[in-house]
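Here are the chains, one letter per residue:
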Amino acid sequence: LIGKAAWAVGITLAAAVEAGRKWGGRWWTAPLAGLREHGRELARFAFSTNVSTTINLVTRDSDILWVSLFSGPVAAGYYKAARTFISVIFVPVDPLIGTTYRELARECAARQWANVRHLLRTGSLIASAWAVPACLGLLVLGPWFLSWYGAEYGAAYPTMAILLAGVLVVNVFYWTRILLHALGQAGYPTRTYLAVGALQVIGIALFVPMLGAPGMALMWSGYSIVTSAILVRKGLLEVRGAG
């Protein structure tokens, strides 16, 4: 909480300083009426992005709660142990999202499609340079890491192995949603997450009671891989069609 608060204050102050340099010291007194003609576009973008995050919160980020509901606290404990080590893989890739989005938005606005394709390739290569060795390392050393919790936590290794498939895809193609946002297609990810998320919830209700933690890992990775594949295809088709 302290870290996020410090980051929010820091980035807000940096934005205010940069705004003053670019637009003058009284930029903040500009009337909001100047945005009136873009009101519908701004509202649609805000609504789509917040709904996408909410859908992911229910489908992808509430996985431990789903396991606990359908399989009990023991299965949830195994699942949480597997997720603890896997979450580390996201840490170096997360900062790329905001950085890449700014670059993509600028290049898409300038219709520099060759630069857009270069950014996507470079971003995936950078993410792969970390994600592929990290996932392979956990695949090999997973039983040893899980043994830190206790010998019985070796039962969580199949769950970890299944989760790694989805983690690898999500990290390598981290730019799927932000590319479509930069292209003015903010609603497409929302519709994709909603449709695939509905199928995932049905799958959770069917398979998690039978399979436990591995069943939830299968649903989590399936959701991540399918949504990433759909958004990658849509984004690349849009870039190819525009360029």
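Note that the structure is a prediction, hence the values are computed from the model and not measured.

Quick notes on the rules
- Residues numbered from 1 in each chain as written.
- Predicted model: local features only at pLDDT ≥ 70, side-chain atom pairs only at ≥ 80, totals over all residues.
- Heavy atoms only, no water.
- Axes fitted to C-alpha atoms, helices over the stretch in contact; angles between N-to-C directions.
- Helix = DSSP H or I, 4+ residues; strand = E, 2+ residues; numbered from the N terminus.
- Parallel < 35°, antiparallel > 145°, perpendicular 65-115°, else oblique.
- Contact = heavy atoms within 4.5 Å.
- Buried < 20%, exposed > 50% of the residue type's maximum accessible area, 1.4 Å probe, protein only.
- Phe/Tyr/Trp six-rings, centres within 6.5 Å; stacked < 30°, edge-to-face > 60°.
- 1 Å grid on protein atoms, 1.4 Å probe; cavity = no way out; pocket = protein on both sides within 12 Å on 5 of 7 lines; lining within 4 Å.
- Points joined across faces, edges and corners; volume = space filled by probe spheres on them.
- Nonpolar A, V, L, I, M, F, W, Y, C, P; charged D, E, K, R; others polar.
- Salt bridge = Lys/Arg side-chain N within 4 Å of Asp/Glu carboxyl O.

Draft legend 1. Structural view of the packing of helix 4 (residues 73–86) against helix 10 (residues 213–242). Two numbers describe how helix 4 lies on helix 10: the axes approach to 9 Å, and their chain directions differ by 45°. Looking at the two axes, helix 4 sits oblique to helix 10. Taken together, the residues of helix 10 that come into contact with helix 4 (itself represented by Ala75, Tyr79 and Arg83) are Ala213, Met216, Ala217 and Trp220.

Draft legend 2. Region of interest: unusual backbone geometry. A positive phi angle, close to 60°, is found at Arg111, a residue other than glycine. Here Arg111 is to be found in the loop between helix 5 (94–109) and helix 6 (113–146). For Arg111, a relative accessible area of 54% gives the class exposed.

Draft legend 3. Spatial organisation of the packing of aromatic side chains. Tallied over the entire structure, the rule returns 11 aromatic pairs. Judged by centre distance (5.9 Å) and plane angle (80°), the ring pair of Phe85 and Tyr149 falls under edge-to-face. Residue Phe85 is located in helix 4, and its partner Tyr149 is located in the loop between helix 6 and helix 7 (157–172); the two are separated by 64 residues in the primary sequence. Look at Phe85 and you get buried, because its relative accessible area is 14%. For the ring pair Tyr149 and Tyr153, a centre distance of 5.2 Å and an interplane angle of 40° mean the geometry is tilted. In this structure Tyr149 comes out as partly exposed when scored by relative accessible area, which is 40%. A network of ring pairs unites the aromatic residues Tyr78, Phe85, Trp144, Phe145, Trp148, Tyr149 and Tyr153 as a single cluster.

Draft legend 4. Region of the structure containing the layout of surface pockets. Taken as a whole, the largest pocket spans an internal volume of roughly 1200 Å³. If you go around the largest pocket, you meet 34 residues; those closest to its centre are Asp94, Ile97, Gly98, Arg177 and Ile178. Looking at the lining of the largest pocket, the elements with two or more residues in it are helix 1 (2–23), helix 2 (39–59), helix 5, helix 7, helix 8 (176–182) and helix 10. Sorting elements by how many residues they give to the lining of the largest pocket places helix 5 first, with 9 residues. Across the lining of the largest pocket, the residue classes tally to 16 nonpolar, 11 polar and 7 charged. Roughly 270 Å³ of volume is contained in the second largest pocket. If you go around the second largest pocket, you meet 13 residues; those closest to its centre are Glu41, Phe45, His181, Gly184 and Ala186. Counting only elements with at least two residues in the lining of the second largest pocket, the list comes to helix 2, helix 5 and helix 8. For the lining of the second largest pocket, the element with the most residues is helix 2, which contributes 5 residues. When its residues are assigned to classes, the lining of the second largest pocket shows 7 nonpolar, 4 polar and 2 charged.

Draft legend 5. Spotlight on the pattern of salt bridges. Scanning the model with the defined rule gives 4 salt bridges in all. With a shortest N-O distance of 2.9 Å, Arg83 and Asp63 are connected by a salt bridge. Of this pair, Arg83 sits in helix 4 while Asp63 sits in helix 3 (residues 63–71), and the two are 20 residues apart along the sequence. Like Arg83, the residue Asp63 is buried in the burial classification. Where Glu238 meets Lys234, a salt bridge forms, and the shortest distance between an N and an O atom there is 2.9 Å. Highlighted residues: Glu238 and Lys234, both in helix 10, separated by 4 residues, approximately one helical turn.

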